[in-house]
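Survey of secondary and tertiary structure
These are the residues of each chain, in order.
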Amino acid sequence: MSSVLPRYIVVEGPIGVGKTTVVTRLAEQYKARTVLEIFEENPFLANFYQDQERYAFQTEMFFLLSRYRQQEDFAQEDLFGRIAVSDYLFVKCRLFASLTLNDHELSLYDRMYNILTTQVPKPDVVIHLTAPLDVLLGRIKQRGRSYEQNMDPAYLERLRSLYNQFFQHYEDTPLLEVDTTDIDFSRDDQALTNLMEMAAKCAPGTSGQ
Ligand SMILES: Nc1ncnc2c1ncn2[C@@H]1O[C@H](COP(=O)(O)OP(=O)(O)O)[C@@H](O)[C@H]1O
Ligand SMILES: Nc1nc2c(ncn2[C@H]2C[C@H](O)[C@@H](COP(=O)(O)O)O2)c(=O)[nH]1
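None of these values were measured; they are calculated from a predicted model.

Let's shift gears to the overall build of the chain. Secondary structure assignment for the chain yields eight helices and five strands. With the C-alpha coordinates of the chain rotated into their principal frame, the extents come out at 50 × 35 × 30 Å. With 209 residues in all, the chain has 47% of them scored as buried. Counted over contacts in the chain with a minimum sequence separation of 6, partners at least 24 positions apart contribute 80%. Here the chain has roughly 10,900 Å² of accessible surface; of this, 49% comes from carbon and sulfur atoms. Here the chain contributes 21 positive and 30 negative side-chain charges, whose respective centroids are spaced 3 Å apart.

A separate point is empty space enclosed by the protein. One pass over the structure, following the stated rule, counts one cavity of 30 Å³ or more. In this structure, the largest cavity encloses a volume near 40 Å³. What lines the largest cavity is simply Glu37, Ile38, Phe39, Phe63, Ser66, Arg67 and Gln70. Residues of the lining of the largest cavity, tallied by class, amount to three nonpolar, two polar and two charged.

So, about the layout of surface pockets. Here the largest pocket defines a volume of roughly 760 Å³. Every residue lining the largest pocket is counted, 36 residues in all, and those nearest its centre are Gly16, Val17, Gly18, Thr20 and Arg143. For the lining of the largest pocket, the elements supplying multiple residues, two or more each, are helix 1 (19-30), helix 2 (45-50), helix 3 (52-76), helix 4 (92-100) and helix 6 (133-143). Looking at the lining of the largest pocket residue by residue, the classes come out as 15 nonpolar, eight polar and 13 charged. As a volume, the second largest pocket reaches approximately 260 Å³. Lining the second largest pocket are 17 residues, with Leu89, Phe90, Thr117, Val120 and Asp172 sitting closest to its centre. Classifying every residue of the lining of the second largest pocket by side-chain character gives 12 nonpolar, three polar and two charged.

Around ligand 1, the surrounding shell holds 15 residues, and the nearest of these are Lys19, Thr20, Thr21, Arg143 and Ile183. Measuring from an oxygen atom of ligand 1, one finds a backbone N or O atom of Val17 at 3.3 Å. Ile183 is positioned with one of its backbone polar atoms (N or O) 2.5 Å from a nitrogen atom of ligand 1. Taking 560 Å² as the accessible area of ligand 1 by itself, protein coverage stands at 84%. For ligand 1, the cavity whose grid points lie within 2 Å of the majority of its atoms is the largest pocket. For the shell around ligand 1, the secondary structure elements donating two or more residues are helix 1 and helix 6. The residue makeup of the shell around ligand 1, split by class, is five nonpolar, six polar and four charged.

Scanning the entire structure with this criterion turns up 11 aromatic pairs. Each ring, one from Phe90 and one from Tyr113, has its centre 5.7 Å from the other, and the planes form 10°; the classification is stacked. Taken together, the residues Phe90 in the loop between strand 3 (84-86) and helix 4 and Tyr113 in helix 5 (residues 103-116) connect sequence positions 23 residues apart. Note on accessibility: Phe90 and Tyr113 belong to one class, buried. Measuring from centroid to centroid gives 5.0 Å for Phe166 and Phe167, while their planes differ by 75°, and the two rings are edge-to-face. Three or more aromatic residues joined by ring pairs make a cluster, and in this case those are Phe48, Tyr49, Tyr147 and Tyr155. The cationic tip of Arg67 hangs over the ring face of Tyr88; the distance from NZ or CZ to the ring centre is 5.3 Å.

The rules we used
Residues numbered from 1 in each chain as written. Chains lettered and ligands numbered in written order. Predicted model: local features only at pLDDT ≥ 70, side-chain atom pairs only at ≥ 80, totals over all residues. Heavy atoms only, no water. Helix = DSSP H or I, 4+ residues; strand = E, 2+ residues; numbered from the N terminus. Buried < 20%, exposed > 50% of the residue type's maximum accessible area, 1.4 Å probe, protein only. Contact = heavy atoms within 4.5 Å. Areas by Shrake-Rupley, 256 points an atom, 1.4 Å probe, with all protein chains shown as cover. Lys, Arg positive; Asp, Glu negative; His and termini not counted. Charge placed at Lys NZ, Arg CZ, Asp CG, Glu CD. 1 Å grid on protein atoms, 1.4 Å probe; cavity = no way out; pocket = protein on both sides within 12 Å on 5 of 7 lines; lining within 4 Å. Points joined across faces, edges and corners; volume = space filled by probe spheres on them. Nonpolar A, V, L, I, M, F, W, Y, C, P; charged D, E, K, R; others polar. Near = heavy atom within 4 Å. Polar contact = N/O pair within 3.5 Å; in protein donor to acceptor, adjacent residues only side chain to side chain. Sits in = over half its atoms within 2 Å of the grid points. Phe/Tyr/Trp six-rings, centres within 6.5 Å; stacked < 30°, edge-to-face > 60°. Lys NZ or Arg CZ within 6 Å of the ring centre and 35° of its normal.

This is how it looks when you write it as structure tokens:
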């Protein structure tokens, strides 16, 4: 590939759309380092899916602080080395919080979020992956994490439309929107190469490799 590659790429989108798959495959193909969210460490997540009202605040605070910590470490690494690819934008924390917290919890949460968000590195380009609800539900089922199997489709649909609305008004970085319904990045090498080329075109001015 001859075009100039972005140095820091973030892949975002709703649960099950294929973020981690794309990030892992890009990392293999371009020898990139990854910044992958560590949701397994969140001790509240399984309970959250059982009783959202009771466990939402702990769940969101845990995600917020652990992502902040991870971003802090990432910012201290050498950004001029390998390409970096991440499966989340920091604002993901706030999107979920707006969906799951009540007004009192959200106003307390925001006091912390507004302090932390200023310190987070900005990507060269964001890839927003999309898919219809039935495709997301199918992929979540196929992935087979036990605590996600009874996820309320209405919750996933609210999250999906929140991401769509958010990216409609997003101007912080160049943005590439990709409908993944009929593209399987886990198998299709050419689709992955095309994705990187489109990302590179979206993010002019980043240094070459
Ligand atoms: N484009 C795709 N087409 C078909 N299946 C996919 C696609 N992307 C991911 N998958 C599968 O869907 C499931 C969810 O993918 P994953 O990358 O874990 O999503 P996310 O990180 O967005 O939650 C996995 O089982 C994965 O193998
Ligand atoms: N309530 C929240 N749940 C979150 C958040 N970030 C991730 N998650 C959940 C959703 C999935 O069950 C799992 C992994 O997320 P993927 O999008 O990578 O599938 O963790 C959050 O901030 N709040």
